[in-house]
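Observations on the three-dimensional arrangement
Now for the letters of each chain:
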Amino acid sequence: MGTRSAVLHTAAAAGAAPTRLQVSANRRFLVTAEGKPFFYLGDTAWELFHRLTREETDLYLTTRARQGFTVVQAVALAEFDGLDTPNRYGEKPLFEHDPLRPNEAYFRHIDWVIERADALGLVVGLLPTWGDKWNVKWGKGPLVFTPANAGPYGEFLGRRYRDKPILWIMGGDRPVENGTHRAVLRAMAAGVRRGDGGTPPITLHPSGRSSSGQYVHSEDWLDFNMLQSGHADRNVANYDMLTRDYQRTPVKPCLDGEPCYEDHPVMGKGPRDPYHDQYSVRKAAYWALFAGACGHTYGCHPVWQFWDTTREPVNGARTPWQEALHLPGAEQMHHAKALLLSRPFLNRIPDQALIVGDAGSEGRHVQATRADDGGYALIYTPVCQPLTVRSGILSGTRLCAWWYDPRTGTATPAGGFAKPATMAFTPPADGPDWVLVLDDAARGFPPPGTAE
């Protein structure tokens, strides 16, 4: 009989200190100030500050906390006419489009959202602005940031939120195309650092099919890399993108901050059909995590824009956001988190050498990760196909095997055996996707997913 991981409730204890994050000693992961692993399980909530009332915000945050998310990514100066269309309380963020003249009433609402997120155990991945305010390559803009005003604006935000549970995300879905763009981002990040005291990690959210590593990896202000694998098809090879970031020097943590969104049209496959589903988002998550990511961001197309029938849908949104909060992919994301946290987390490395033969491509690609000391291995297959594994890479003389179901968090024993050099496995037929878990039996690990 299998075992099931419990749904996580992440509400913080009353009066608990805000979650403070930093980069781990080995530069591969994010950890708390106490050095405990922090699993970045993000959700794209780009229009959170701009489009929701506090009552609606509470519904969103409470739901995502119950589902086991740890980070919500939201934008201070929002994409959809964020400077001229006021928030739900009639407030615009800047007076006369001037970053040096922020509207206190607008930012008090952001204060409330961050405080409420903290009470629920959530960290806010805060974008100071969407990218069209510093690179109007597309979108409405207007262009308001210069190297001169980006720093004071960043300092204003850093000082305001220096004691809050924050991760900083520069950028906002635009490429860094010239020296001015780079100077604006550098000045904004430096301003944040002056204001917040230099603690919360900073990254950059890039445009589609690119990574912060392509643009600013060597910048001192960038603490971890974020890529956007995007929405173009069901089998974007984000594992290749993660591998490139994982191998960059100096070493920095990395993750996919915008993969395919659940309930988003598959781009280039027809005007509005088919749509990405739970299977699409599961593949993106396990491929990225097993390729070395320190965490993962889920996204839901109606939710990031908070679409309902009173609004014009963006790019084929079709499900009211309140309903879309509960789509299967969102409910399943915490199973990946539970699995990885049920094994030692901070010594995990990607290792395709575990796979005998071709790892495959497109929708059949197999991705593997393991402990650097050989204590365990995890191999993700998106389809029911035989796997031959170099089990001799692992430590110990006996192994325990499990099949972990990414849809349910159920772990089913697959036997114990003396460790051979290689071994073949065939996943259960009722998939399509599965994770093979191999443990050094002497380590005494609990069933996968049960020690989150």
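Please read all numbers here as calculations on a predicted model, not as lab measurements.

**Considering the sheet that holds strand 11 (residues 225–228)**
Sheet architecture is open: three strands sit in the order 10-11-12, paired in mixed fashion. With one partner strand each, in any of the chains shown, strand 10 (210–211) and strand 12 (254–256) form the two edges of the open sheet. Here three bridges tie strand 11 to strand 12, and the two strands are oriented parallel to one another. Bridging across to strand 12, methionine 226 finds its partner in leucine 255. Relative to strand 12, helix 7 (residues 238–246) is tilted by about 160°, and along the sheet it contacts strand 10, strand 11 and strand 12.

**Quick word on unusual backbone geometry**
Omega for the bond connecting threonine 249 with proline 250 falls within 30 degrees of zero, at -5°, which places this linkage in the cis form. Here proline 250 shows up in the loop between helix 7 and strand 12. Looking along the chain, the bond that leaves glycine 431 and enters proline 432 is cis, with omega of 20°. Relative to the assigned elements, proline 432 resides in the loop between strand 20 (423–425) and strand 21 (434–440). The backbone of aspartate 173 sits at a positive phi, close to 65°, despite the residue not being glycine. With respect to the element layout, aspartate 173 can be found in the loop between strand 8 (166–171) and helix 5 (179–196). When its relative accessible area of 12% is taken as the criterion, aspartate 173 is described as buried.

About the thresholds
- Residues numbered from 1 in each chain as written.
- Predicted model: local features only at pLDDT ≥ 70, side-chain atom pairs only at ≥ 80, totals over all residues.
- Heavy atoms only, no water.
- Pairing = 2+ DSSP bridges.
- Helix = DSSP H or I, 4+ residues; strand = E, 2+ residues; numbered from the N terminus.
- Contact = heavy atoms within 4.5 Å.
- Axes fitted to C-alpha atoms, helices over the stretch in contact; angles between N-to-C directions.
- Buried < 20%, exposed > 50% of the residue type's maximum accessible area, 1.4 Å probe, protein only.

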